Amino acid sequence: MDMIVDASIFLGKFLYYFLESFAYKIIPKRKKNVTGEIVLITGAGSGLGRLLAIHFASLGAILVLWDINQEGNMETCRLAKEKGAVKVFAYTCDCSNRQEVYRVADQVRKEVGDVTILINNAGVVTGKLLLDTPDHMVERSFLVNAISHFWTYKAFLPAMIKANHGHLVCISSIAGLAGISRLSDYSASKFAAFGFAESLFIELSMLKKSEVKTTIVCPYFIKTGMFEGCTTKHPFLLPLLEQEYVAKTIVNAILEEQVYVIIPKLLYFALILKQIISPKMMIALGEYLGVDTCMDFFKGREQANELQTEIQRKHQ
Ligand SMILES: NC(=O)c1ccc[n+]([C@@H]2O[C@H](COP(=O)([O-])OP(=O)(O)OC[C@H]3O[C@@H](n4cnc5c(N)ncnc54)[C@H](O)[C@@H]3O)[C@@H](O)[C@H]2O)c1
């Protein structure tokens, strides 16, 4: 009898949530108001982080900007103020350093208050074949792209749970859902970031903290400079993404409290295909899309890499 009741409840919920998600495909979700919310963005000193800061500034949020690059972060601070942000707080913080994250987090709590929207965006890429990748760069990728997320969650999640209010945003990557040549450390760290954020999403729903939301973002290559030199074979089918488009899509997803965001949408289809086709078919598809050669002319943000390496050495 219990089994029948259990199965009926499950099927009822399944059908209800299916219809709900279907309805949201037709009727856009109501967007939440972020005026007065305290939004912390890591890696705010350039690219996507900077654009997200500018968007949240125009939505009336209080901004907390973290970056290892003080100059870039101050420039974002200036641009956010120009966009109307009244309260912007910039902190130099190396997210890969646990003690530094906890120290700066304490400072934020004292000087600004409890963070209510946490955007784990800081990221680095090596872009080399595994056997050409120095060990310290593998470690750096994991520290910045994944392990730092443990420290920021541990610092800011308790207040969100207590208030049953908050939003955790993980900027992963399409490389966090599919492996790509010359991106072994990056891809593995982005898989880790995805797995971490998804596990916490489940953990929070088990704790019945339904008002602490999660958004996990997986974009294809974006023209921010991080993947400078990276190419696409079919720009019509799979273009390198414009950073403004990606930033707008992410802000919209946060406001609509979407959990998973893959950009562009075409890649949802490729990822489903990946689960059902043979590995040889997958490699043929990758070759057709040019994913196998997209990193051949990769240059990346060399300056950022040098700064990172220098700081990493200082900590050793
Ligand atoms: N650019 C792309 O093609 C692409 C694609 C998918 C996902 N992403 C992800 O989006 C995020 C933003 O990338 P972006 O394209 O804006 O790159 P970006 O290089 O412009 O920005 C990354 C920022 O992170 C900061 N940063 C690096 N190490 C740090 C550290 N230890 N502590 C604090 N800050 C640190 C850098 O100083 C920089 O300001 C990253 O997580 C990246 O992996 C980027």
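Residues numbered from 1 in each chain as written. Predicted model: local features only at pLDDT ≥ 70, side-chain atom pairs only at ≥ 80, totals over all residues. Heavy atoms only, no water.

Where an unreviewed UniProt entry is consulted, the chain appears under the name Short chain dehydrogenase/reductase family 16C member 5, with the organism given as Propithecus coquereli. The Sequence similarities (unreviewed entry) comment attached to the chain in UniProt states, word for word, "Belongs to the short-chain dehydrogenases/reductases (SDR) family." (UniProt positions renumbered as here; feature names shortened; annotations may be inferred.)

What follows covers the pattern of salt bridges. The final tally for this structure, using the stated rule, is nine salt bridges. For Glu82, the salt bridge is made with Arg78, and the minimal N-O distance between the two is 2.7 Å. Of this pair, Glu82 and Arg78 both sit in helix H3 (residues 70–82), four residues apart, roughly one helical turn. Using a relative accessible area of 41% as the deciding quantity, one classes Arg78 as partly exposed. Of the charged contacts in the structure, one is a salt bridge between Arg182 and Asp296, with a shortest N-O distance of 3.7 Å. In this pair, Arg182 sits in the loop between strand E5 (166–171) and helix H6 (184–206) while Asp296 sits in the loop between helix H9 (279–289) and helix H10 (302–315), placing the two residues 114 residues apart along the sequence. In this structure Arg182 comes out as partly exposed when scored by relative accessible area, which is 27%. For Asp296, a relative accessible area of 37% puts it in the partly exposed group. Shared partners join several salt bridges into a network, and the residues in it are Lys32, Glu211, Lys213 and Glu257. (Salt bridge = Lys/Arg side-chain N within 4 Å of Asp/Glu carboxyl O. Helix = DSSP H or I, 4+ residues; strand = E, 2+ residues; numbered from the N terminus. Buried < 20%, exposed > 50% of the residue type's maximum accessible area, 1.4 Å probe, protein only.)

Turning our eyes to something else, we now look at the packing of helix H4 (residues 98–111) against helix H5 (residues 135–163). Interaxial distance between H4 and H5 falls to 10 Å at its minimum, and their mutual angle equals 25 degrees. Between H4 and H5, the angle is such that the two are roughly parallel. Of the two elements, H4 crosses H5, and the hand of that crossing is right-handed. On H5, the residues touching Arg98, Val101, Tyr102, Ala105, Val108 and Arg109 of H4 are Trp151, Thr152, Lys154, Ala155 and Phe156. Within the contact of H4 with H5, the residues separate by chemical class into seven nonpolar, one polar and three charged. (Axes fitted to C-alpha atoms, helices over the stretch in contact; angles between N-to-C directions. Parallel < 35°, antiparallel > 145°, perpendicular 65-115°, else oblique. Left-handed = near helix turned anticlockwise from the far one by under 90°. Contact = heavy atoms within 4.5 Å. Nonpolar A, V, L, I, M, F, W, Y, C, P; charged D, E, K, R; others polar.)

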